[in-house]
Amino acid sequence: MHDYTDLVTYIIKAMVSKPEEVKVAMIEGERTNRVEVTLANDDVGKVIGRGGRNIDAIRAVVRAAALKNHDRVMVEIV
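Residues numbered from 1 in each chain as written. Predicted model: local features only at pLDDT ≥ 70, side-chain atom pairs only at ≥ 80, totals over all residues. Heavy atoms only, no water.

Visitor: Help me understand helix 3 (residues 53–68), please; the structure alone is not making it clear to me.
Guide: For an α-helix, 3.6 residues make a turn, and residues three or four places apart therefore share a direction. Here helix 3 contains 16 residues, and its C-alpha end-to-end distance of 23 Å stays within 8% of the 22 Å for a straight helix at 1.5 Å per residue. By the burial criterion, the buried members of helix 3 are I55, I58, V62 and A66. Buried residues along helix 3 cover an arc of 70° about the axis, so they all sit on one side. Among the exposed residues of helix 3, those pointing more than 90 degrees away from its buried face are R53, R63, L67 and K68. In this structure, the buried residues of helix 3 make contact with helix 1 (5–15), helix 2 (41–48) and strand 3 (73–77). Backbone geometry just downstream of helix 3 places H70 in the positive-phi region, at approximately 60°. (Helix = DSSP H or I, 4+ residues; strand = E, 2+ residues; numbered from the N terminus. Expected span 1.5 Å × (residues − 1). Buried < 20%, exposed > 50% of the residue type's maximum accessible area, 1.4 Å probe, protein only. Arc of directions from axis to C-beta. Contact = heavy atoms within 4.5 Å.)

Below, the structure written as structure tokens:
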């Protein structure tokens, strides 16, 4: 299983105003891995975006990278 935390960290730190508070952790499951993102309360709205567009785009990029390696990855904001 590949590690997608660097990809998610790079994308999210470019979006937020407090990049030092971004923490990304990967939790491995049997079939699906979860990438959990913890960030400042002020930046949650920026990452989610209007109607969830930003987080959907992040998930699509990570899903495409995972598909190449035949992995399943979910991105969640904690």
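After presenting the structure, the write-up continues.
Visitor: Would you take a moment to explain the pattern of salt bridges for this structure?
Guide: Two side chains that carry opposite charge are able to pair once their charged atoms sit near each other. Tallied over the full model, the rule gives five salt bridges. Taking the shortest distance from any N to any O, the salt bridge between D43 and K46 comes out at 3.8 Å. Here K46 and D43 lie together in helix 2, a separation of three residues that amounts to about one turn. For D43, a relative accessible area of 0% puts it in the buried group. Taking the relative accessible area as the measure of exposure, K46 reaches 38% and is therefore partly exposed. Bridged by salt links that share partners, the residues R34, E36 and E76 form one connected network. (Salt bridge = Lys/Arg side-chain N within 4 Å of Asp/Glu carboxyl O.)

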